[in-house]
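Each chain, letter by letter, is given below.
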Amino acid sequence: MLEIEDLHVSVQDKNILKGLSLTVPAGEVHAIMGPNGAGKSTTSYTLAGREGYEVTSGAIRFKGEDFVDLPPEERAAKGMFLAFQSPIEIPGVTSMNFLKTAVNAQARSRGEKEPTAVEFLKMLREAAKKLNVTEDMLRRPLNVGFSGGEKKRNEVLQMTLLKPSLAVLDETDSGLDIDALRLVAEGVNALRCPERSFLVITHYQRLLDYIEPDVVHILAGGRIVKSGDKTLARQLEDQGYDAVIGQAA
Amino acid sequence: MTQEMETLEEFAGQKYKYGFVSDIESEFAPKGLSEDVIRFISAKKDEPDWMLDWRLAAYKRWQAMREPDWAKLHYPRVDFDDLYYYAAPKSDKTSPKSLDEVDPELLETYKKLGIPLSEQEILAGVEPKNRVAVDAVFDSVSVVTTFKETLEEAGVIFCPISEAISKYPELVQKYLGTVVPVTDNFYATLNSAVFSDGSFVYIPEGVRCPMELSTYFRINASNTGQFERTLIIADKNSYVSYLEGCTAPQRDENQLHAAVVELVALEGAEIKYSTVQNWYPGDETGKGGIYNFVTKRGDCRGDHSKISWTQVETGSAITWKYPSCILRGENSQGEFYSIAITNNYQQADTGTKMIHLGKNTKSRIISKGISAGHSQNTYRGLVRMHSKADGARNFTQCDSLLMGSDCGAHTVPYIESRNRSAMIEHEATTSKISEDQLFYCLSRGIDAEEAVALIVNGFCKDVLQQLPMEFAVEAQKLVGISLEGSVG
Ligand SMILES: Nc1ncnc2c1ncn2[C@@H]1O[C@H](COP(=O)(O)OP(=O)(O)OP(=O)(O)O)[C@@H](O)[C@H]1O
Ligand SMILES: [Mg+2]
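Residues numbered from 1 in each chain as written. Chains lettered and ligands numbered in written order. Predicted model: local features only at pLDDT ≥ 70, side-chain atom pairs only at ≥ 80, totals over all residues. Heavy atoms only, no water.

S.K.: Even after reading the chapter, I still don't get the overall build of chain A, so can you show me in this structure?
M.R.: Counting secondary structure elements, chain A contains 10 helices and 12 strands. For the C-alpha atoms alone, the extent of chain A along its principal axes is close to 55 × 40 × 35 Å. Every one of the 249 residues in chain A was classed for burial, and the buried ones make up 55%. Of the contacts made within chain A by residues no fewer than 6 positions apart, 69% connect residues no fewer than 24 positions apart. Accessible surface for chain A amounts to roughly 10400 Å². Of this, 48% is attributable to carbon and sulfur atoms. Positive and negative charge centroids in chain A, built from 30 and 35 side chains respectively, lie 4 Å apart. (Helix = DSSP H or I, 4+ residues; strand = E, 2+ residues; numbered from the N terminus. Buried < 20%, exposed > 50% of the residue type's maximum accessible area, 1.4 Å probe, protein only. Contact = heavy atoms within 4.5 Å. Areas by Shrake-Rupley, 256 points an atom, 1.4 Å probe, with all protein chains shown as cover. Lys, Arg positive; Asp, Glu negative; His and termini not counted. Charge placed at Lys NZ, Arg CZ, Asp CG, Glu CD.)

S.K.: What should I look at first to understand helix H9 (residues 231–239) of chain A in this one?
M.R.: All names here are of chain A. Among the residues of H9, those classed as buried are Leu232, Ala233 and Leu236. Projection of H9 onto a plane perpendicular to its axis shows the buried side chains occupying an angular sector of 105°, all on one side. Turned more than 90 degrees from where H9 packs its buried face, Thr231 and Asp238 sit exposed. Residue glycine 240 follows H9 closely and has a positive phi angle near 85°. (Arc of directions from axis to C-beta.)

S.K.: How should I be thinking about the site of ligand 1 in this particular structure?
M.R.: All names here are of chain A. Contacts to ligand 1 come from 15 residues, most closely from Gly37, Lys40, Ser41, Thr42 and His203. At 3.0 Å, a backbone N or O of glycine 39 approaches an oxygen atom of ligand 1. Taken by itself ligand 1 offers 640 Å² of open surface, and the protein chains cover 67% of this. When contributions to the shell around ligand 1 are tallied by element, the ones reaching two or more residues are strand S2 (14–24) and helix H1 (40–48). Classifying every residue of the shell around ligand 1 gives 4 nonpolar, 8 polar and 3 charged. (Near = heavy atom within 4 Å. Polar contact = N/O pair within 3.5 Å; in protein donor to acceptor, adjacent residues only side chain to side chain. Nonpolar A, V, L, I, M, F, W, Y, C, P; charged D, E, K, R; others polar.)

S.K.: Just to check I follow, could you spell out the sheet that holds strand S12 (residues 223–228) of chain A for this structure?
M.R.: Neighbouring strands of a sheet are bound in pairs by backbone hydrogen bonds; such pairs are parallel or else antiparallel. Residues and elements named next belong to chain A. One open sheet holds the 6 strands; their spatial order is S6-S9-S10-S3-S11-S12, and the pairing between them is mixed. Only two strands of the sheet have a single neighbouring strand rather than two, namely strand S6 (80–83) and S12. Strand-to-strand twist across the sheet, computed as the mean angle between neighbouring axes with direction ignored, equals 20°. Pairing of strand S9 (residues 166–170) with strand S10 (residues 197–201), which is carried by 5 bridges, proceeds in the parallel orientation. Directly across from valine 168, in S10, lies its bridge partner leucine 199. Strand contacts of H1: strand S3 (29–33), S6, S9, S10 and strand S11 (215–220), with the helix running at about 145° to S6, the strand carrying the most contacts. Here helix H6 (residues 148–162) sits on the sheet in contact with S6, S9 and S10, set at roughly 165° to S6. (Pairing = 2+ DSSP bridges. Axes fitted to C-alpha atoms, helices over the stretch in contact; angles between N-to-C directions.)

S.K.: For this particular structure, what's the right way to read the UniProt feature "domain: SUF system FeS cluster assembly SufBD N-terminal" (unreviewed entry) in chain B?
M.R.: UniProt marks residues 152–208 of chain B with the feature "domain: SUF system FeS cluster assembly SufBD N-terminal" (unreviewed entry), using the numbering shown here. Helix makes up 44% of residues 152–208 of chain B and strand 16%, with an end-to-end C-alpha separation of 13 Å. (UniProt positions renumbered as here; feature names shortened; annotations may be inferred.)

S.K.: What exactly am I supposed to notice about the environment of threonine 160 of chain A here?
M.R.: Residue and element names in this part refer to chain A. Here threonine 160 shows up in helix H6. A sequence separation of 33 residues divides threonine 160 from alanine 127, and the C-alpha atoms of the two residues are 6.8 Å apart. Among residues more than four places away in sequence, those in contact with threonine 160 are Ala127, Leu131 and Leu191.

S.K.: What's the story with the confidence of the model for chain A in this structure? I'm lost.
M.R.: Low pLDDT means the predicted coordinates in that region are not meant to be read closely. Confidence along chain A averages 94 in pLDDT terms, with 99% of residues attaining 70 or more. For chain A, per-element mean pLDDT is lowest for helix H10 (residues 241–248) of chain A, which scores 75, and highest for S6 of chain A, which scores 98. (pLDDT = per-residue confidence, 0-100.)

S.K.: I'm lost on the coordination of the magnesium ion (ligand 2) in this one. Help?
M.R.: Residues and elements named next belong to chain A. Distances from the magnesium ion (ligand 2) to its protein donors, namely Ser41 (OG) and Gln85 (OE1), fall within the range 2.0 to 2.1 Å. Of this pair, serine 41 sits in helix H1 while glutamine 85 sits in the loop between S6 and strand S7 (90–94), and the two are 44 residues apart along the sequence. With relative accessibility at 19%, the residue serine 41 sits in the buried group. Exposure remark for glutamine 85: the relative accessible area of 29% places this residue in the partly exposed category. (Donors = N, O, S within 2.8 Å, 3.2 Å for Na, K, Ca; no water.)

S.K.: What is the right way to look at the UniProt feature "domain: ABC transporter" (unreviewed entry) in chain A in this model?
M.R.: Under the feature "domain: ABC transporter" (unreviewed entry), the UniProt entry names residues 2–246 of chain A. Note that residues 2–246 of chain A is 40% helix and 29% strand, and that its end C-alpha atoms are spaced 28 Å apart.

S.K.: Explain the packing of helix H3 (residues 49–63) of chain B against helix H9 (residues 186–194) of chain B to me, please; I cannot follow it from the model alone.
M.R.: Residue and element names in this part refer to chain B. Remark: H3 packs on H9, axes separated minimally by 7 Å, with the N-to-C direction vectors making an angle of 145°. In the packing of H3 onto H9, the handedness of the crossing is left-handed. Contacts between H3 and H9 involve Trp54, Arg55, Ala58, Tyr59, Arg61 and Trp62 on the former and, on the latter, Phe186, Thr189, Leu190, Ser192, Ala193 and Val194. (Left-handed = near helix turned anticlockwise from the far one by under 90°.)

S.K.: Mind showing me how you'd approach the packing of helix H2 (residues 35–44) of chain B against H3 of chain B here?
M.R.: Two quantities define a packed helix pair, namely the angle between the axes and the distance from one axis to the other. All names here are of chain B. Close contact between H2 and H3 brings their axes to 10 Å; oriented N to C, the two are set at 150°. Considering their axes alone, H2 and H3 lie roughly antiparallel with respect to each other. Here H2 runs over H3; the crossing is right-handed. Here H2 contributes Glu35, Ile38, Arg39, Ile41 and Ser42 to the contact with H3, which in turn contributes Leu52, Arg55, Leu56 and Tyr59. The class makeup of the residues in the contact of H2 with H3 is 5 nonpolar, 1 polar and 3 charged. (Parallel < 35°, antiparallel > 145°, perpendicular 65-115°, else oblique.)

S.K.: Before we go on, may I ask you to explain the interface of chain B and chain A in this structure?
M.R.: Across the boundary between the two partners, chain B contributes 23 residues, which contact 40 residues of chain A. Of the roughly 2600 Å² buried at the junction of chain B and chain A (both faces included), carbon and sulfur atoms supply 64%. Summed over the shared surface of chain B and chain A, the result is 4 salt bridges. A salt bridge links arginine 50 of chain A to glutamate 435 of chain B; the nearest nitrogen and oxygen atoms lie 3.0 Å apart. Linking chain B to chain A there are 11 residue pairs in polar contact (both at pLDDT 80 or more). Of all the secondary-structure elements, those providing two or more residues to the side of chain B that touches chain A are helix H1 (2–11), helix H10 (435–443) and helix H11 (448–459) of chain B. (Buried area = accessible area lost by both parts, 1.4 Å probe. Salt bridge = Lys/Arg side-chain N within 4 Å of Asp/Glu carboxyl O.)

S.K.: Explain the pattern of salt bridges to me, please; I cannot follow it from the model alone.
M.R.: A side chain of one charge can pair with a side chain of the opposite charge when the charged atoms of the two come close. All names here are of chain A. Taken as a whole and assessed by the stated rule, the structure comprises 35 salt bridges over all chains. For arginine 192, the salt bridge identified is with aspartate 214, shortest N-O distance 3.9 Å. One end of the pair, arginine 192, is in the loop between helix H7 (178–191) and S10; the other, aspartate 214, is in the loop between helix H8 (205–210) and S11, with 22 residues separating them in the sequence. The exposure class of arginine 192 is partly exposed, given its relative accessible area of 29%. Here aspartate 214 falls in the partly exposed class, since its relative accessible area comes to 36%. Counted as one network, the salt bridges with shared partners bring together Glu3, Glu5 and Arg61.

S.K.: Before we go on, may I ask you to explain the side chain of arginine 380 of chain B in this structure?
M.R.: Residue and element names in this part refer to chain B. With respect to the element layout, arginine 380 can be found in strand S20 (residues 376–385). Given the relative accessible area of 10%, arginine 380 is considered buried. Within polar-contact distance, the side chain of arginine 380 engages the side chain of aspartate 349 at 2.8 Å. Look past the residues within four positions of arginine 380 in its chain and what remains in contact with it is Trp70, Ala71, Lys72, Tyr322, Asp349, Thr350, Gly351, Thr352, Val412 and Tyr414.

S.K.: Sorry, what's going on with the sheet that holds strand S4 (residues 53–62) of chain A here?
M.R.: All names here are of chain A. Pairing is antiparallel in the open sheet, where 4 strands are placed in the order S2-S1-S4-S5. The open sheet terminates on both sides in strands that have one partner only, identified here as S2 and strand S5 (65–66). One ladder, built from 2 bridges, connects S4 with S5; its direction is antiparallel. Opposite phenylalanine 62, over in S5, you have glutamate 65 as the bridge partner.

S.K.: Just to check I follow, could you spell out the nonpolar core for this structure?
M.R.: Counting residues in hydrophobic clusters, the biggest one holds 102 residues, and the most contacted among them are Leu2, Phe98, Leu157 and Met159 of chain A together with Ile370, Val456 and Leu483 of chain B. Among all residues touching leucine 157 of chain A, those that are not within four sequence positions of it are Leu99, Leu124, Ala127, Ala128, Leu131, Val133 and Leu138 of chain A. (Core = buried A, V, L, I, M, F, W, Y, C linked by side-chain atoms within 4.5 Å.)

As structure tokens, then:
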């Protein structure tokens, strides 16, 4: 699904990713953990194609296709999704309207039929209910005045409707209460299938109790410094980064 | 909302689509302005002497006036002698009585513009509550007014003003020029001298107009000024919602449009006046486009009356327009909701005047200005509290959105208060579409052009939701189209 090879990325002339390599096969869930400022969000923005995140060397291949020069909206249409660490507010545009616009834009871009208003609403209501996103939230301006947890649930709602091939979740668990964490995890698990992969960025083992990862990577200093199975996350939680990364180095 | 978005998408990616010219043989008055031309226009309309005298008096007055230059607008002076002041489709000798008599080419034109004029078609296709009666004005004449009989049954008069002058002279004489006096300003005075057509509306006491009324203005002939005149009277405790739309062909030269709209709301009456102004704005380099110098004013003459202006200004090379309210009656209310979008080399100087004369009068101003390209967009507004306006209140909110760094947004609020109990609140913001917002949309698969349309429509929401549904959809599409090419 995703192959990142010796990726170097700079932002405003500052090198942040320094030789990151990572492969996520179809159907797998990979977790990325790492200290603050390690380059996790930088990785996720780079994957989504954000302007200003300059790939100076290395490669990103998505379903075998070179991704580096593709604009963000085309990446999205090809199945890339990023749940933002800090979702953005758009005043005056309802969540519902935003989602409908996105769903239609992606369908058009893939040459598929846009869902009718009725079909769309049905999908939306079903997904919203599962995530405990209220009708009121759907009708409010996107993320404006949403609590931290509401914003995160809203990201997962968008993911559910857009049905991506690869979903990058950047600290989607941060700021969630215990019930919401379970709902979000269930939302992700419901989407797990052999054709879909997840890259879950988190600071906490807790999320990985619910969403069981196939592989856990540790990102530090702009590189993956260690990978292992889900026990690596527990080891980190018990011992801290210094001990674990120190071991690797 | 979903339907709105679908239409928005359908129209995204289109340029000015009303720029075509209809091949219709026209009859013109001689070029330039003189007493003879005014007599010619008046004779064409079979006007009574009092109307001709009114025009001639206005013309005399106008000759001594100077074009105003206080607005933040730059344009070459208009050569008023190089214009036609009257152009009419030739087939239209006397105004046609039914659709069968209307030139098919004209019907075709309105069809292309998306304005159906056949009542049968409308009756078949549209829910009763969504039906709109239309007065179609083509260059200097009204070509057809629909649903006249239905409206007459309710006692509502909706007809071309030329017809009202002969059929309802006492109403016209009683109200014409009482809100915008003949001497008001350079363009209004010119309009008083040469106005050709426009709509007349009278809603009798206690009547709620059974459908939306709408006038659709089309400038077709070249080198021709359009000077329409609209007069709407809402008698005691009546209600009317009126819509105005306009387009013009794409031409290299600038064309002049100087309209006057007068609204009178008597005791307990309410008038809602909405405009979607989409005159040809000129091309990307600023060539061509309409000069739009318009005087619109409403008089809340009776107690507890209300006048609400909503405008979506996307067209015209130059916009000079300040729909205003005179809040004379006690407890009367004035509202002004405005979206002004300028792109390329367009210039807009627009806003409102709220003149509080009566006790406990209220006004509300919401203005959203969006500037892109090399355009200049100015909000100019006056709130005046007279000494007798005890307890008067105003709330003003002006928001500007800048796209790119070559355009300008300006806010010029004038506040005059001669009453200590009056309250005036003013809020203003200026913002840009953030890179975060844009990337968020892109990352969801929405391309830049559509993202901008979406974000700008969100920015304008408070105003858009004031529009009647059918117009709101139209307006949302326009927002997208007007800003085309504004993101790189
Ligand atoms: N626009 C920028 N200009 C300069 N430096 C930047 C910019 N954006 C990010 N950085 C730096 O890049 C480094 C990596 O940031 P990034 O946001 O990817 O970290 P992270 O791993 O997601 O951290 P956290 O766990 O706190 O979310 C940080 O040192 C940050 O300050
Ligand atoms: Mg981060």
